[in-house]
Amino acid sequence: MLKAFSENLNQGRFETWTAKPEINFRHVTQVHGIDIVSLETLPCEADGMMVSWEDFTQPLAIKTADCLPVVIEGQKGVVFLHAGWRGLANGILTRPEVSLIEPLRAFIGPSIHVCCFEVSSDFKNNFPGSENFLERDEKLYFDLQQEARKVLRQKFPNLLVSIAPVCTYCHLDFHSYRRDKTINRNWNLYIKG
């Protein structure tokens, strides 16, 4: 088991492990959707969890293999999301549950970056009008992180958004579905304190 990444945030710590860590944590069964649930409803299928600071007693976990793990810290609590391109296109970052915590800061963890996220021209239909496409060597790439930042800042103009400078495809320490077609996942944890 390897801790591949760690970042201190305002109210807690974000960590990425390449194997399931041997600690107790709360998590959802992820389905590439847009549902965000409170901890009382677990276990269930969803792609995000929200909890008030008062009720936050165990770390939260989101599994990824190129998608965005997104922590949003707010005045009233935290939301931890799995945001693949589908979730991003369908509005997971702007769900009403996110507003309830009165967001102050967002952090996007290790995920595939624009350098490696090649897409087809049809993919543009998922993000009409987006300025986050890049053409290079007659290939089309999409910047998930900058699209997420744009969406978050449009909804919450004063939100501080930071992005881990780690591409899961480029860095062999991380599991990447696009690189290896692996069933293994990176375990992203948000730990209070």
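The rules behind each value
Chains are numbered independently. Their residues run from 1 in the order of the written sequence. Restriction of local features to residues with pLDDT of at least 70 applies here, the model being predicted, together with a cutoff of 80 or more for giving and counting side-chain atom pairs; totals for whole chains, interfaces and linings are based on all residues. Values reported for side chains reflect all heavy atoms of the structure, with hydrogen atoms and water molecules removed beforehand. Only runs of H or I of at least four residues qualify as helices and only runs of E of at least two qualify as strands under DSSP, and these elements are numbered from the N terminus. To get the radius of gyration, use the C-alpha atoms; to get the globule rule, take the number of residues to the power 0.38 and multiply by 2.2 Å. Any residue under 20% of the maximum accessible area for its type is buried, any over 50% is exposed, and the rest in between are partly exposed; the area is computed with a 1.4 Å probe on protein chains only. Residue contacts are defined here by distance: any two heavy atoms, one from each residue, within 4.5 Å place the two residues in contact. Accessible surface is estimated by sampling points in the Shrake-Rupley manner with a 1.4 Å probe; for residues, cover comes only from the protein chains shown. A positive count includes Lys and Arg, and a negative count includes Asp and Glu. His and the chain ends are not counted in either. Charge positions come from single atoms, namely NZ of Lys, CZ of Arg, CG of Asp or CD of Glu. Expected helix span is computed as 1.5 Å times (number of residues minus one). Think of it as the arc spanned by the lines of direction from the helix axis to the C-beta atoms. By the criterion applied in these results, polar contacts are pairs of N or O atoms within 3.5 Å in which, for protein atoms, one can donate a hydrogen and the other can accept it, and in which residues neighboring in sequence qualify only through two side-chain atoms. The term nonpolar core refers to a set of buried residues drawn from Ala, Val, Leu, Ile, Met, Phe, Trp, Tyr and Cys, joined through side-chain atoms within 4.5 Å. When a carboxyl oxygen of Asp or Glu is within 4 Å of a side-chain nitrogen of Lys or Arg, the pair counts as a salt bridge. We call two strands paired when DSSP finds no fewer than two bridges between them.

*Asks:* Got a minute to help me understand the overall build of the protein in this structure?
*Replies:* Along the protein, the regular secondary structure elements total four helices and 14 strands. Taking 193 residues into account, the globule formula puts the C-alpha radius of gyration at 16 Å, and the protein, at 16 Å, falls close to it. The principal-axis extent of the C-alpha atoms belonging to the protein is close to 50 × 40 × 30 Å. Out of the 193 residues belonging to the protein, those deemed buried represent 52%. Partitioning the contacts of the protein with sequence separation of at least 6, the portion at a separation of at least 24 is 62%. Counting only carbon and sulfur atoms, one obtains 46% of the accessible surface of the protein, whose full area is about 9,500 Å². Between the centroid of the 21 positive side chains of the protein and the centroid of its 23 negative side chains there is a distance of 1 Å.

*Asks:* Got a minute to help me understand helix α3 (residues 144–155) in this structure?
*Replies:* Think of an α-helix as turning once every 3.6 residues; residues three or four places apart then point the same way. The end-to-end C-alpha distance of α3, which contains twelve residues, comes to 17 Å, matching closely the 16 Å that a straight helix rising 1.5 Å per residue would cover. Every buried residue belonging to α3 is among Leu144, Gln145, Glu147, Ala148, Val151 and Leu152, and all of these are buried. Along the axis of α3, the buried positions cluster into a sector of 165°, meaning they face one direction only. If you follow the buried residues of α3, they end up packed against β7 (68–74), α1 (85–89), β9 (103–108), β12 (139–142) and β13 (160–163). By the N-cap criterion, in which a side-chain oxygen at the helix start approaches the backbone nitrogen of a residue two or three places on, α3 is capped by Asp143, the distance to Gln145 being 3.3 Å.

*Asks:* It is not clear to me how the nonpolar core should be interpreted in this structure. Could you clarify?
*Replies:* Counting 33 residues, the largest nonpolar core has Val70, Ile72, Val79, Leu81, Leu93, Phe142 and Leu152 as the members making the most contacts within it. Among the secondary structure elements, those contributing two or more residues to this core are β7, β8 (77–83), β9, β12, α3 and β13. For this core, the leading source of residues is α3, giving four residues. Each residue touching Val79, except ones within four places of it in the same chain, is listed here: Ile36, Met49, Met50, Val70, Val71, Ile72, Glu97, Val98 and Ile101.

*Asks:* Would you explain the environment of Met49 in this entry?
*Replies:* With respect to the helices and strands, the residue Met49 is situated in strand β5 (residues 48–52). Each C-alpha atom of the pair Met49 and Thr94 lies 14 Å from the other, and the pair is 45 residues apart in sequence.

*Asks:* Please clarify how the pattern of salt bridges should be interpreted in this entry.
*Replies:* Side chains carrying opposite charge are able to pair once their charged atoms draw close together. This model, assessed by the stated rule, comprises six salt bridges. When the shortest N-O distance is used, the salt bridge between Glu102 and Lys76 registers 3.2 Å. Residue Glu102 is located in the loop between α2 (96–100) and β9, and its partner Lys76 is located in the loop between β7 and β8; the two are separated by 26 residues in the primary sequence. You can call Lys76 partly exposed: its relative accessible area is 47%. The salt bridge partner of Glu147 is Lys150, with a shortest N-O separation of 3.0 Å. Linking Glu147 with Lys150, this pair stays in helix α3, spanning three residues, or about one helical turn.

*Asks:* Got a minute to help me understand the pairing of β5 in this structure?
*Replies:* The two faces of a sheet get side chains in turn, since along a regular strand they alternate between them. Extensive coverage of β5 is indicated by the burial of five of its five residues. Burial of the side chains of β5 extends over both faces: Gly48, Met50 and Ser52 are buried on one face and Met49 and Val51 on the other. Pairing between strand β4 (residues 36–38) and β5: three bridges, direction parallel. Across the sheet, residue Ile36 finds its bridge partner in β5, namely Gly48. With five bridges connecting them, β5 and β8 associate as antiparallel partners. In the sheet register, Ser52 faces β8, and the bridge partner there is Gly77.

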